[in-house]
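Spelled out, the chains give:
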Amino acid sequence: MTTVNDVYGSNAASALANAQTSNLMGDTQDRFLTLLVTQLQNQDPLNPMDNAEVTSQIAQLSMVNGIQGLNNTLLALSGQMDMSQSLQAAGLIGKDILYPGEKISLGTDPDTGAKAATPFGIDLMSGAAKTKVSILDSSGKVVRDIELDAKDAGIYPMTWDGLDSAGAPVPDGAYTVQVAASDADGQPVSAEALTSGHINSIAYTSEGLKLNLALGQKISLLDIRQVM
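Keep in mind that this is a model prediction, so the values were computed, not measured.

Participant: Can you walk me through the overall build of the protein chain in this structure?
Facilitator: The secondary structure content of the protein chain amounts to 2 helices and 13 strands. Counting only residues that meet the buried cut, the protein chain has 31% of its 228 residues in that class. In the structure as shown, the protein chain presents an accessible area of about 13600 Å², 54% of it carried by carbon and sulfur atoms.

Written out as structure tokens, the structure is:
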């Protein structure tokens, strides 16, 4: 019995796999029937095969055929899902997204001189009474704390003006976002920092469908938390 794994959504591959499985099923049935007839022809007349034994062998063949049929069905569904996923991913090319990550960068607009940080966000797994978002510099020092009001579970995009907690501008460069949230009883709430990226292209890899981001990162379609 052959089980098909790691199938990508190619119609040609699915058709070939279906044909191979179909041929295997036919070969299995032919071999079984040949073996059964041979057993019946050569059985000991004084000790014939028990009806229960014959029934058991036929039931085993039916089970094998059923499993092979299930494999065919799963293979067809897998192909349809892969095709749907590919079309969905292709529609994301050129989009900006939020995905799990803590890194952001701060720069200065050469025309206006205004500070601008890459967009980021937070993902609250459940409602939070208090949420604190901290911006840390490359040395791990907190330069800015942002306190949020009570929030329901969900994704919340955020921006940073490049100022520290005292209102003074901080140097351009790489920074890190950390988030801590708690409920009304002071118990921690699961929360995750999100960073932004721009989708340049999609690709199939040995690990499945991947989204290629502008800065070279490769993420899964399932990593997307919000399309902006």
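Let us keep going from here.
Participant: What should I look at first to understand the layout of surface pockets in this one?
Facilitator: With a probe scaled to a water molecule rolled over the atoms, the places where space remains empty come into view. Approximately 280 Å³ is the volume attributed to the largest pocket. T118, T195, S196, G197 and L215 are, among the 16 residues lining the largest pocket, the residues nearest its centre. Elements that contribute at least two residues to the lining of the largest pocket include exactly β1 (96-100), β2 (103-108) and β10 (191-205). Looking at side-chain class alone, the lining of the largest pocket contains 7 nonpolar, 7 polar and 2 charged residues.

Participant: How should the pairing of strand β8 (residues 173-182) be read in this particular structure?
Facilitator: Successive side chains on a regular strand alternate, one facing one side of the sheet and the next facing the other. Of the pairings in the sheet, the one linking β2 to β8 comprises 4 bridges and is antiparallel in character. Bridged to I104 within β8 is Y175. Sheet topology note: the strand β5 (residues 130-136)/β8 ladder contains 7 bridges and is antiparallel. Along β8, the bridge assignment pairs K130 with S182. Here β8 pairs with strand β9 (residues 188-189) via 2 bridges, running antiparallel. Residue S182 lies in a different strand from β9, and its bridge partner there is P188. Hairpin connection, β8 to β9: the antiparallel pair is bridged by 5 residues, and G186 has positive phi, about 85°.

Participant: Teacher, can you tell me more about the packing of aromatic side chains here?
Facilitator: The geometry of an aromatic ring pair comes down to the distance between the two centres and the angle between the two planes. Tallied over the full model, the rule gives 1 aromatic pair. On the basis of an interplanar angle of 70° and a centroid distance of 5.1 Å, the ring pair of W160 and Y175 is categorised as edge-to-face. Of the two residues, W160 is situated in the loop between β7 (154-158) and β8 and Y175 in strand β8; the sequence distance between them amounts to 15 residues. W160 sits in the buried class, given a relative accessible area of 4%.

Participant: Help me out: how do you make sense of the pairing of strand β6 (residues 142-148) in this one?
Facilitator: Summarising the sheet, β5 and β6 pair through 6 bridges and their orientation is antiparallel. Bridged to L136 within β6 is V142. Adjacent in sequence and paired antiparallel, β5 and β6 are bridged by 5 residues, among which G140 carries a positive phi angle near 90°.

Participant: How do you make sense of the pattern of salt bridges when you look at a structure like this?
Facilitator: The tally for this structure, following the rule as stated, stands at 4 salt bridges. One salt bridge connects E192 with R225, and the closest N-O pair in it is separated by 3.9 Å. Here E192 is found in strand β10, whereas its partner R225 is found in the loop between β12 (218-219) and β13 (226-227), with 33 residues between them in sequence. A relative accessible area of 24% places E192 in the partly exposed class. Because the salt bridges share partners, they merge into one network encompassing D123, E192 and R225.

What counts and what doesn't
Residues numbered from 1 in each chain as written. Predicted model: local features only at pLDDT ≥ 70, side-chain atom pairs only at ≥ 80, totals over all residues. Heavy atoms only, no water. Helix = DSSP H or I, 4+ residues; strand = E, 2+ residues; numbered from the N terminus. Buried < 20%, exposed > 50% of the residue type's maximum accessible area, 1.4 Å probe, protein only. Areas by Shrake-Rupley, 256 points an atom, 1.4 Å probe, with all protein chains shown as cover. 1 Å grid on protein atoms, 1.4 Å probe; cavity = no way out; pocket = protein on both sides within 12 Å on 5 of 7 lines; lining within 4 Å. Points joined across faces, edges and corners; volume = space filled by probe spheres on them. Nonpolar A, V, L, I, M, F, W, Y, C, P; charged D, E, K, R; others polar. Pairing = 2+ DSSP bridges. Phe/Tyr/Trp six-rings, centres within 6.5 Å; stacked < 30°, edge-to-face > 60°. Salt bridge = Lys/Arg side-chain N within 4 Å of Asp/Glu carboxyl O.

None of this, on its own, says anything about what the molecule does.
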